[in-house]
There are 2 protein chains.
Amino acid sequence: MNANQRIALDVMGGDSAPACNLDGALLAAQHGLAPERLLLVGNEDVIRSGLEERGGNPGFDVLHAPEAIGMDEKPGVALRAKPQSSIAIATGAVKMGAAGAHVSMGNTGAVVGAATVGLKTLPGVRRPGIAVTLELTGEPVTILDMGANVVPKPEHLLQYGLMGAVLTRDVLRRGSDKAAEKPRVGLLNIGEEPSKGTDLLREAHGLLTESPLNFIGNIEGGDLFKGGVDVVVTDGFTGNVVLKLLEDYSGFMLNLVMRELKAHGAQWGPEALSNVRKRIDYSEYGGALLLGVNGIVVIGHGRSDATAVSNAINLAQRTLDADVNGHIVRGLEG
Amino acid sequence: MNANQRIALDVMGGDSAPACNLDGALLAAQHGLAPERLLLVGNEDVIRSGLEERGGNPGFDVLHAPEAIGMDEKPGVALRAKPQSSIAIATGAVKMGAAGAHVSMGNTGAVVGAATVGLKTLPGVRRPGIAVTLELTGEPVTILDMGANVVPKPEHLLQYGLMGAVLTRDVLRRGSDKAAEKPRVGLLNIGEEPSKGTDLLREAHGLLTESPLNFIGNIEGGDLFKGGVDVVVTDGFTGNVVLKLLEDYSGFMLNLVMRELKAHGAQWGPEALSNVRKRIDYSEYGGALLLGVNGIVVIGHGRSDATAVSNAINLAQRTLDADVNGHIVRGLEG
């Protein structure tokens, strides 16, 4: 195995770090990941004693990082103040080819900042974008950008369409059917007509229409739940608002439902709703991918548990194995 | 009663027009609205025979409009092609002082277009905005703009904050408690810090901070479900995306829940969930208000039933009775 096929896991990131990450790494190994593909990054003592407590190290490499960035620290300030943080060290491992992917449940802004500055963009990519995959209807729908690029240019949106399509084809729906070869790309807007929305969206609509992508035109928020689209392109502001709204609204709605069910004397409500919870939980899909940088970067949710961490590792592995970044570069050349 | 206290109801607008509107008008009268306050606008034969079928006219005035604009017609084109449409005639009635409010379940773009052109803005108002009130947490939260002003300027957002605060204080939470005198205004953004988001939002944050409003700073999408904010200010693009997302996501989630409950053999799921449905249905609050034009304009949902129409009429009545527009003008002077 080449070192650049390894996955650097930030053991110190996340609300339940380091436990969630150590448990998640062990879970990934149980699910078949070769332990030597994982590089655990963080305080070495913490990692080694944590693994001891869990029955020993099955063969993970460990990379010491003496500092850790907290979930609520200001990303720019923290990255400057803590050059030896697990996020910085893991990013550096990818930069130097000691790993191909960085997986972190930590401070999103710090992970994105470190990757953008440290890894640089892939050849041809103008701006990285954060892609989140939801599986609301039973099929994956990838939305990007979710917040890396708050005021994008039309060309950025075009590139997000291409990067999302590569991810869908090569990883998310790989070989699932013929249609998956040409993922359907939609532009999030407030009406179907090409004239709708802002100047940015009108220009992006034109670029996407002229591109070789399977562009299905403007879509509206509700289309996320109707099937028929694989990649939803949006600016980082709207994407971030949408993501947070969906997350919090899901919890809010389910609480309302639970209360009503309880009022009707249901005992089994919680169990019945766990399947619903899974469907609306994007950590089921392993977290967000920062696409467009020279390396694979998976950003999990701060509140990830071991399963979510294992899913994030799995997403990184599949994205590496499919050479998504190679395909993005070649797609942009075409 | 002055003619300008009357409410012009577009009988021809909505997916179930004219039935939903005639039934809604009669329901409003049953709930205590003086029939002479309602001016039914539409095809006079249809209205008179429809009322006959429903037991007679309790005293509504009728204003004939020989044309009707379909729900899917292009607003600009339709308004030019059909100068005698019920939307145009009802707007004209407000313009001429034959009514003070226009209530329509019809083509939103046409209602907004007719009002913007026909009624003009209130003195001091730069751009009208569409306000939608949700009652997710049990207290009304008003979001504006929901789509009238897709690319606003910072001053527009400031004025939306003021208009939303007047509506909250005078109508939605009138006299409910001391706090309702100073409604809490938040700016929808992707982080709490004033530096977050776009230039538009940073400038609007500054203007709102300096204003006499009770500005609580930036809020995020999820804060809609947590209480603590009365008025959410946003641009019309984001607002429209958010509204459609909430609407469609609600239906999607409840369908998921229903399916799970059925799979667990529940017989009473549908009943248990009807309370949830009500909470997330903004037509419970009577629809959207176009704030900032020289007249009261309530735009209901196309799929409104009689209850929703009655709620919309009630919202128009309360907004008229509270002299919201007078208070907006005086607020902008201050």
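What you are looking at is a predicted structure, and each value in this text was computed from that prediction instead of being measured.

Enquirer: Can you walk me through the interface of chain B and chain A in this structure?
Expert: Counting from both sides, the interface comprises 48 residues of chain B and, opposite them, 48 residues of chain A. Together, the buried faces of chain B and chain A total about 4200 Å²; carbon and sulfur atoms form 79% of this surface. For chain B, the biggest contributors to the area lost against chain A are Phe237(B), Leu245(B) and Tyr249(B); these three give 16% of the whole. One salt bridge in this structure joins Glu220(B) and Lys244(A), with 2.2 Å as the shortest N-O distance. Here chain B is connected to chain A by six residue pairs in polar contact (both at pLDDT 80 or more).

Enquirer: Just to check I follow, could you spell out helix H4 (residues 86-95) of chain A for this structure?
Expert: Structural remark: α-helix, 3.6 residues per turn; residues separated by three or four positions point the same way. Residues and elements named next belong to chain A. Here H4 lies mainly inside the structure; eight of its 10 residues are buried. Here H4 has its buried residues at Ser86, Ile87, Ile89, Ala90, Thr91, Gly92, Ala93 and Val94. In this structure, the buried side of H4 is in contact with strand E1 (7-10), strand E2 (38-42), strand E3 (61-64), helix H3 (75-81), strand E4 (101-104) and helix H5 (108-119). Two residues or fewer past H4, Gly97 is found with a positive phi of approximately 85°.

Enquirer: Got a minute to help me understand the environment of Leu208(A) in this structure?
Expert: All names here are of chain A. Examined against the element boundaries, Leu208 turns out to sit in helix H7 (residues 199-210). In this structure the C-alpha to C-alpha distance between Leu208 and Val185, which are 23 residues apart in sequence, comes to 8.7 Å. Filtering out sequence-adjacent residues up to four positions away, Leu208 remains in contact with Leu158, Val185, Leu187, Leu213 and Phe215.

Enquirer: For this particular structure, what's the right way to read the packing of helix H6 (residues 154-172) of chain B against helix H7 (residues 199-210) of chain B?
Expert: A pair of packed helices is characterised by two quantities: the angle between their axes and the separation of those axes. All names here are of chain B. Close contact between H6 and H7 brings their axes to 8 Å; oriented N to C, the two are set at 50°. Relative to H7, the element H6 lies oblique. By crossing handedness, the relation of H6 to H7 is classed as right-handed. In this structure, H6 contributes Pro154, Glu155, Leu157 and Leu158 to the contact, and H7 contributes Leu200, Leu201, Glu203, Ala204, Leu207 and Leu208. Considering only residue class, the contact of H6 with H7 consists of eight nonpolar, no polar and two charged.

What counts as what
- Residues numbered from 1 in each chain as written.
- Chains lettered and ligands numbered in written order.
- Predicted model: local features only at pLDDT ≥ 70, side-chain atom pairs only at ≥ 80, totals over all residues.
- Heavy atoms only, no water.
- Contact = heavy atoms within 4.5 Å.
- Buried area = accessible area lost by both parts, 1.4 Å probe.
- Salt bridge = Lys/Arg side-chain N within 4 Å of Asp/Glu carboxyl O.
- Polar contact = N/O pair within 3.5 Å; in protein donor to acceptor, adjacent residues only side chain to side chain.
- Buried < 20%, exposed > 50% of the residue type's maximum accessible area, 1.4 Å probe, protein only.
- Helix = DSSP H or I, 4+ residues; strand = E, 2+ residues; numbered from the N terminus.
- Axes fitted to C-alpha atoms, helices over the stretch in contact; angles between N-to-C directions.
- Parallel < 35°, antiparallel > 145°, perpendicular 65-115°, else oblique.
- Left-handed = near helix turned anticlockwise from the far one by under 90°.
- Nonpolar A, V, L, I, M, F, W, Y, C, P; charged D, E, K, R; others polar.

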